[in-house]
Amino acid sequence: MSDLSDRGPAGPAGGNAALAAWRAKYEAELPQAAVVRNRSGLPIEPLYVASGPAPAPEVPGEYPYTRGIYTTMHRGRSWTQRQLIGLGTPEDYNARLREVLRHGATAISLLPCNSVFRGYDMDTVPVELLGTCGTVINNADHMRRSLAGMDLGAISVGLNDPTPFTLLAFLLVEADRQQVPWAAIAGTANQSDYLSHYIANHMFYRLALPGARRLIGDKIAFCNARAPRYNPLSIVGQHMQQAGATPAEAMAFTLSSGLQYARDCIARGMEPDAFLPRFTFFFDVSLSFFEEIAKFRAGRRIWARLTREQLGARSERSWRFKFHAQTSGADLTRQQPMNNIARVTVQAMAGILGGLQSLHTDAFDEAISCPTKEGAKIAVATQNILRGEAGMTDVIDPLGGSYYVETLTDQMEGEILRVMDIVESAGGMFEAARSGLVQRMIGQSARLAQQRVDSGEQMMVGVNCFESAAEDFGQPSLERPSIESMNTLIAEFTLWKRARSAAAVSRALDGLARSVDDPSANVFEQVVDAAAAGASHQEICDRLRSTMGFGDVQAFV
Amino acid sequence: MSAIPAPLRALLPAVVERDARALGRALTIVENAAVGNDALQAALPPAAAQRRARRIGITGPPGAGKSTLVDALLAQIVAAGLSVGVVAVDPSSPFTGGAVLGDRTRMREASLHRNVFIRSVASRGAAGGLARCVQAMTSLLEAAGYPIVLVESVGAGQGEFAIADLVDLSVVLCPPGLGDEIQGLKAGILEIADVLVVSKGDLPGSEVTHRELLSALSMTTRPKRPIVQRVSAADGGGMVDLMLALAIPGWAAPQPAGA
Amino acid sequence: MRPSDHAANAASFRPKVLVTKIGFDGHDRGSRVVAAALRDAGCEVIYTAPWQKITDVVKLATEEDVDVIGVSSLSTDHLILPRLMAALRESGLAETRVIVGGIIPDSEVQPLLDAGVAQVFHPGGALADISAAVWRLAEASRRERGLMDASAGAST
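Residues numbered from 1 in each chain as written. Chains lettered and ligands numbered in written order. Predicted model: local features only at pLDDT ≥ 70, side-chain atom pairs only at ≥ 80, totals over all residues. Heavy atoms only, no water.

S.K.: What is the right way to read the overall build of chain C from this model?
M.R.: Broken down by element type, chain C carries 5 helices and 5 strands. Written out in order from the N terminus, the α and β elements of chain C read β-α-β-α-β-α-β-α-β-α. Per-residue burial over chain C gives 60% buried out of 156 residues. A separation of at least 24 residues holds for 71% of the contacts in chain C among residues at least 6 apart in sequence. As displayed, chain C has an accessible area near 5,800 Å², and 55% of this comes from carbon and sulfur atoms. (Helix = DSSP H or I, 4+ residues; strand = E, 2+ residues; numbered from the N terminus. Buried < 20%, exposed > 50% of the residue type's maximum accessible area, 1.4 Å probe, protein only. Contact = heavy atoms within 4.5 Å. Areas by Shrake-Rupley, 256 points an atom, 1.4 Å probe, with all protein chains shown as cover.)

S.K.: What is the right way to read the overall build of chain B from this model?
M.R.: Helices and strands together make up the secondary structure of chain B, namely 13 helices and 8 strands. Counting the 259 residues in chain B, one finds 57% classified as buried. Of the contacts made within chain B by residues no fewer than 6 positions apart, 75% connect residues no fewer than 24 positions apart.

S.K.: Explanation requested: the layout of surface pockets in the structure shown.
M.R.: All names here are of chain A. Taken as a whole, the second largest pocket spans an internal volume of roughly 810 Å³. Lining the second largest pocket we find 33 residues, and of these Y70, R77, T80, N231 and K322 sit closest to its centre. Residue composition of the lining of the second largest pocket, grouped by class: 11 nonpolar, 15 polar and 7 charged. (1 Å grid on protein atoms, 1.4 Å probe; cavity = no way out; pocket = protein on both sides within 12 Å on 5 of 7 lines; lining within 4 Å. Points joined across faces, edges and corners; volume = space filled by probe spheres on them. Nonpolar A, V, L, I, M, F, W, Y, C, P; charged D, E, K, R; others polar.)

S.K.: Could you clarify how one ought to interpret the interface of chain A and chain C in this entry?
M.R.: Interfaces are frequently sized by the accessible area removed from exposure as the parts join. Contact residues are listed per partner, giving 28 residues for chain A and 29 residues for chain C. Taken together, the two surfaces of chain A and chain C that pack against each other cover about 2,400 Å², and 63% of this comes from carbon and sulfur. In this assembly, chain A and chain C are joined by 2 salt bridges. Note that E108(C) is salt-bridged to R480(A), the shortest N-O span being 2.5 Å. (Buried area = accessible area lost by both parts, 1.4 Å probe. Salt bridge = Lys/Arg side-chain N within 4 Å of Asp/Glu carboxyl O.)

S.K.: What should I look at first to understand the pattern of salt bridges in this one?
M.R.: Where charged atoms from two side chains of opposite charge approach closely, those side chains can pair. All names here are of chain B. As enumerated under the stated definition, the model contains 46 salt bridges over all chains in all. Two residues, R124 and E31, come together in a salt bridge whose shortest N-O distance is 3.8 Å. Separated by 93 residues along the polypeptide, R124 in the loop between β4 (116-122) and α8 (127-143) and E31 in helix α2 (residues 20-32) bring together distant segments of the chain. Like R124, the residue E31 is buried in the burial classification.

S.K.: Before we go on, may I ask you to explain unusual backbone geometry in this structure?
M.R.: A negative phi angle characterises most non-glycine residues, just as the trans form characterises most peptide bonds. Residues and elements named next belong to chain A. Across the junction of Y63 and P64, the peptide omega takes the value 0°, indicating a cis bond. Along the chain, the position of P64 falls in the loop between β2 (43-44) and α2 (73-76). The omega torsion across T163 and P164 is 10°, close enough to zero to call that bond cis. Its location among the elements puts P164 in the loop between β5 (157-160) and α6 (166-177). Positive phi, normally seen in glycine, also occurs at Q336, with a value near 45°. Among the secondary structure elements, Q336 is positioned in the loop between β10 (323-327) and α14 (339-353). Overall, the relative accessible area of 10% leaves Q336 in the buried class.

S.K.: Help me understand the pairing of β4(B), please; the structure alone is not making it clear to me.
M.R.: Successive residues of a regular strand alternate their side chains across the two faces of the sheet. Residues and elements named next belong to chain B. Of all 7 residues that make up β4, 7 are buried, and the element is covered over most of its length. On β4, burial covers both faces: V116, I118, S120 and A122 on one face and F117, R119 and V121 on the other are all buried. Inspection of the sheet shows strand β2 (residues 84-90) paired to β4 by 7 bridges, in the parallel sense. Counterpart to V89 in the pairing with β4 is V121. (Pairing = 2+ DSSP bridges.)

S.K.: Is there a simple way to think about the nonpolar core in this case?
M.R.: Looking at soluble globular proteins, one finds that nonpolar side chains tend to be buried together. L147(A), F279(A) and L544(A) are the most contacted members of the largest nonpolar core, which totals 126 residues. Looking at this core element by element, the count peaks at 10 residues for helix α10 (residues 247-267) of chain A. If sequence neighbours within four positions are ignored, F279(A) has contacts with I220(A), L233(A), I235(A), G258(A), Y261(A), A262(A), C265(A), W303(A) and K322(A). Counting 42 residues, the second largest nonpolar core, distinct from the first, contains C113(A), I490(A), L18(C) and L81(C). (Core = buried A, V, L, I, M, F, W, Y, C linked by side-chain atoms within 4.5 Å.)

S.K.: Help me understand the interface of chain C and chain B in this model?
M.R.: Contacts between the two partners involve 41 residues from chain C, matched on the other side by 43 residues from chain B. Between chain C and chain B lies a buried interface of about 3,400 Å² when both sides are counted; carbon and sulfur atoms form 52% of it. Across the chain C-chain B interface, the total number found is 5 salt bridges. At the level of elements, α1 (29-40), β2 (44-47) and α2 (54-64) of chain C are the ones that each hand at least two residues to the side of chain C that touches chain B. Looking at side-chain class alone, the side of chain C that touches chain B contains 16 nonpolar, 11 polar and 14 charged residues. In terms of strand pairing, strand β3 (residues 99-100) of chain B meets β2(C) through 2 bridges, oriented parallel.

S.K.: Can you walk me through the sheet that holds strand β7 (residues 195-198) of chain B in this structure?
M.R.: The strands making up a sheet are joined through hydrogen bonds of the backbone, oriented either antiparallel or parallel. Residues and elements named next belong to chain B. Read from one edge to the other, the open sheet built from 7 strands follows the order β4-β2-β5-β1-β6-β7-β8, with strand pairing classed as parallel. Looking at the sheet topology across the chains shown, the edges are occupied by β4 and β8 (227-230). Put simply, the sheet's adjacent strands are angled 20° from each other on average, direction ignored. By the bridge criterion, 4 bridges tie β7 to β8 in an arrangement that is parallel. Bridge assignment links V198 to a residue of β8, and that residue is R230. Those strands touched by helix α12 (residues 205-218) are β6 (169-174), β7 and β8, and its axis lies near 175° from that of β8. (Axes fitted to C-alpha atoms, helices over the stretch in contact; angles between N-to-C directions.)

S.K.: How should the side chain of N190(A) be read in this particular structure?
M.R.: Within the secondary structure, N190(A) sits in strand β6 (residues 187-190). Sequence-distant contacts of N190(A), that is, excluding residues within four places in its chain, are made with S109(A), G158(A), L159(A), N160(A), D161(A) and S234(A).

S.K.: Help me understand α6(A) in this model?
M.R.: Residues spaced three or four apart along an α-helix point in a common direction, a consequence of the helix completing one turn every 3.6 residues. All names here are of chain A. When the terminal C-alpha atoms of α6 are compared, their 17 Å separation across 12 residues agrees well with the 16 Å that a helix rising 1.5 Å per residue should span. With 10 of 12 residues buried, α6 lies mostly within the body of the structure. Considered for burial, the residues of α6 that qualify are T166, L167, L168, A169, F170, L171, L172, V173, E174 and A175. Looking one or two residues past α6, Q179 carries a phi angle of roughly 60°, positive in sign. (Expected span 1.5 Å × (residues − 1).)

S.K.: Can you help me understand a nonpolar patch on the surface in this one?
M.R.: All names here are of chain A. Together, M459, V461 and F466 make up an exposed nonpolar region whose accessible area comes to about 300 Å². Its location among the elements puts F466 in the loop between α18 (437-454) and α19 (483-499). On the basis of relative accessible area, F466 is assigned to the exposed category, the value being 59%. (Patch = residues over 30% accessible without salt bridge, like charges linked within 9 Å, V, L, I, M, F, W, Y side chains within 5 Å.)

S.K.: I'm lost on the sheet that holds strand β5 (residues 119-121) of chain C in this one. Help?
M.R.: The sheet built from 6 strands is open, its strands ordered β3(B)-β2(C)-β1(C)-β3(C)-β4(C)-β5(C) with parallel pairing. The outermost strands of the open sheet, each flanked by one partner alone, are β3 of chain B together with β5 of chain C. Two elements, strand β1 (residues 16-20) of chain C and β2(C), share 4 bridges in a ladder whose sense is parallel. Its bridge partner lying in β2(C), V19(C) is registered against Y47(C). Each of β3 of chain B together with β1, β2 and β3 (68-73) of chain C is contacted by α1(C), which is oriented at about 160° to β2(C), the strand it contacts most.

S.K.: Help me out: how do you make sense of the environment of A381(A) in this one?
M.R.: Residue and element names in this part refer to chain A. Tracing the backbone shows A381 in helix α15 (residues 373-388). Relative accessible area serves as the criterion here: at 31%, A381 is assigned to the partly exposed category. For the pair A381 and H103, spaced 278 residues apart in sequence, the C-alpha separation works out to 7.8 Å.

S.K.: Explain the pairing of β7(B) here, please?
M.R.: Residue and element names in this part refer to chain B. Burial along β7 is two-sided: the residues V195 and V197 and L196 and V198 are all buried. Of the pairings in the sheet, the one linking β6 to β7 comprises 4 bridges and is parallel in character. In the strand pairing of β7, V171 is matched with V195.

S.K.: How should I be thinking about the side chain of T89(A) in this particular structure?
M.R.: Looking at the secondary structure, you find T89(A) in the loop between β3 (80-85) and α3 (90-102). In contact with T89(A), not counting residues within four places along its chain, are T135(A), S485(A), M486(A) and L489(A).

Structure, rendered in C-alpha cells:
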C-alpha cells in the first residue's frame, strides 16, 4: 500500500477534499500497489501537492543557493562543455582536441594513458598497452606537444592528474617556456581527491594515505599563492556512485571529504576564504532524473551552511558549491548500445536542471571501450541540442517550486545529513576511509542494487528485459595508436633522457625526497622543480613512492 | 607403508637441484596422493636426505595478523641473504569444498622475491590427512635445500596440534584485545606454543594483552615457559627479538651503524 | 561435489586456479565475483590484486602449480596476453591453461586463441559456464602433466 501521509511544507496532504477523493479513487484502482523507492531508498509517492503555507521564495545566487550558485546561471553563462579526451601520442591528442573544439567543446580535458595513471614511463611497460585509453605524457615536452596551438592563458585546462600531480607540474613548466604567467593558468585538477581513489578507484591511488594527504595540502597552498586561477582540488563523488553508493551516499561522502580537506587546510594555518573558493566538486549524474536534481539542490544548500557556519567562511565565493558532472557510465549498457544515447540525454538533462557548471556527456560506446570519434561527436552534439534547441538555459532552476522536487530536495538533504553524521562519528572522512567503513557501506548498497537488477525489479532495457541477442555486444573501439608511432615516441623519449643533465635531475629528485622529511617544505613545489630539471613522470612518482610509501590497497574476495 | 608414485620419484633429482617447476609438480603429487614421509625420505638422493631445515610453525586466529607477520619475517630472512620455503594453509569451505587461498596475496612483497618459495594448501577438512600432506611438502622443500621452512595455518582445530608435531618451533599469535578470552583460549593452543606473539604491537590493547598472557602463563605447570614477544609489523618493533627467539641458523641481528 | 580430503587417492582432485589481472586496469569487481564463484564450485582459488607483472604471474603459477590461470581484462589489457603465453611456455608451463574474461573485440579473439589462450569469456556470461570450463581445463591440464593417472597414485 503506498503511503500518502502528510510530510513537510510541500508534500502530499490530507486536508483537501479533492485530494482525498483522488486518493480514494487511486487506492481503489491500485489496491496492492507496492512502495516505489528511489536509488537512495526514499519512498516516492504517485502525487505531490502543496501543503501548508507557501514558503518564502528562494532565488538563485543567494545563500543557501538551493536554486543555483549564481544570479544568472546558464542564461548568463552556459555550462562548460568539457569533454574528456585522451588517446595515443601527444600529436594524436592534439589532433583530437582540435576536432572536438571545432565541434563545440569549450574547454580542454586531458586524460592520460593508464600507464601514466599507474605511475610509469613509456619505456618500462609493454608497448601494446600504451596510449590505448589515454595520452602518453611523461615529461613537459609531451605536454607542450599535446597542447600545441592552445592559448594557455585563455582556455581552461582540466587535467586528470592524481597525486603527485605531475601533469600540472609539466603544464607549469611549459607555461614558463611560453612565458605565460602562472597566474593566468586556469583549470581544474580532476582526480586530485585521493580519498575517493582509496575508497573507490584504485587505479588512481598511488601514494600511501599519509603522503597523499600531505601532498594535496602542499599543492593547495602552492596554487593558492602561485597559480590562483587553477582549481587544485576537485572532490569526487563519481567513483563512489559508480562503485554502488546511492546518490545520497555519494553526495554525503563527497561533502564529508570536502569537510576533511577544509579542516586539513585550516590545520595548516590557511584561512577558509583563502582556499574554499577554489574547491570544486565532480559528480556522477545517473538516470534517476528527479533524484539527481534534488541531490544537487540539497548539496548546494548543505555545503553553503557547512562553509559558513561550521568552517566560518565569510566570503560568498567560499559558500558556493561549484560542480562538474559526468553522465554515469554505470547506467549504460553493452547490449543495444545505441540506446545509450537516450540514456545520456536524460542524464545530461538532470545535471543541467540540477544546476551544474560543467558537463561531460558519455559516448554511447563508453561502456565498451574508449569512445569512437562518432560516439564523441554525438555526445557533444547532445549538449548543443539541449542548449540550443531544447531551451535548457532559458529558465534558472525551472523545477524549483515543484511540489515533488522541493519535497525530494528536503528528503535528500535529510538522508545526506544522516550519512554525514555517520562519517563524523567515525572521526571524519580520513578515518572513515582508512578503517574501511565507507567501503563497507558502499559495498552494501552495491549488492542491494545488483540484487534489484538480478531479480528484474530494476529494469535495464536490453539486459533484463527487451533483450535482443542479435543486436547485443556492440563492438569495442579498435581505434588504437599504431605500434610504430609508439615505438617512435619511445625512441625519442630515450634520446631525450640521454640528452638531459643527469646531475640536475638527480639533484632535483634528491631535493624532492628531502622535502618529504621537512614538515615546513612544500613537496609539490619540489615536484615542479623536478619537472623543470627534466625528471620524468615515473622518476618523480618512484621517488615519492619510495619515501612516502606505495599506495597499496588490499585484495580480498 | 606406501611406495611413492613413479612420477614423483622421477621429479626428485630436479627437486634437489631446486628446480622450481619440478618442486611445484612434486608438491602437487604429495598434495593429492597419500605419500608417506618415510617413503619420501627413502627415495631421496643421499646428499639431499641429509638436509635439515629449521621448521617453524605459525598459527593464530583469523585476523590476528599472521600473514602480515610472516611477510615481515620473510623480509628479515631475505635481507640476511637466506632463502626460505613457506607452506600456507587456508581453510576449505565445508559446504562447497572450495577455498580462497588468501595468505599468499597478503604476503605481497615477499612472494615476489626470488629466494622465497610459497605454496598454498587448502585444509580440505580432515586433520590427519592435512598433517601428512604438510609434512611431505615440508620434506620436499627441505630436500630442495631451503634452510628454513615456515608453515602458516589458521589456529582453528585439531590440525594445529598435528602440525605442531612436525615443526621444530611453534609460534602462536595473539591479537591485542583478547582480554578474558585468554582464559578461554583452547588450552592446547597455548600449550603448543614455544613463542607467543602479541601482534599489532603498535595498537593500544597490545600491552594489556602482553601482561595478561604473562600472568596467565605464570600459572601453568609446563616445564618450559614459552617466550612472550610483542611485535609490530607496522613499525618493526620487537621484530629483532622475535627473530632471535626463532633461532634461525645464519640469521644474526643487524649491527648498529658504526660510531 | 563431495569434498576430497588429503587422505583420498590421486584420482580425486580440486582445480587449483589463479584469478588475476595483468596490465593497468584496476576494476576488479568482476574478477572478485568470478573468484568467489569458483570457490563455490569447489575450486581452490588464489586471487591477486590487479596490476600483476607477467614475471610475477609465472612465479606464482610455478610455485603453486596451478591448473588454470583466469585473467580478467577490461580496458585493453588483453593485448599483452600473448606475452603471458610466451612467458609460460618459456618457463615450462605450457600445460597450464589460460582463460580470459572481459571486454574483447570480436576481431581480437582469434589472435588470442592462436596465441594459446584456451577460452575467451564475454561479460554477462553465466558463472556456471566459467566454473564448468575451469573444471574441464584443469582436468585436461593434469592429465598432460601426468598427475591424473590413478595407477601412479599411492596405494594404501
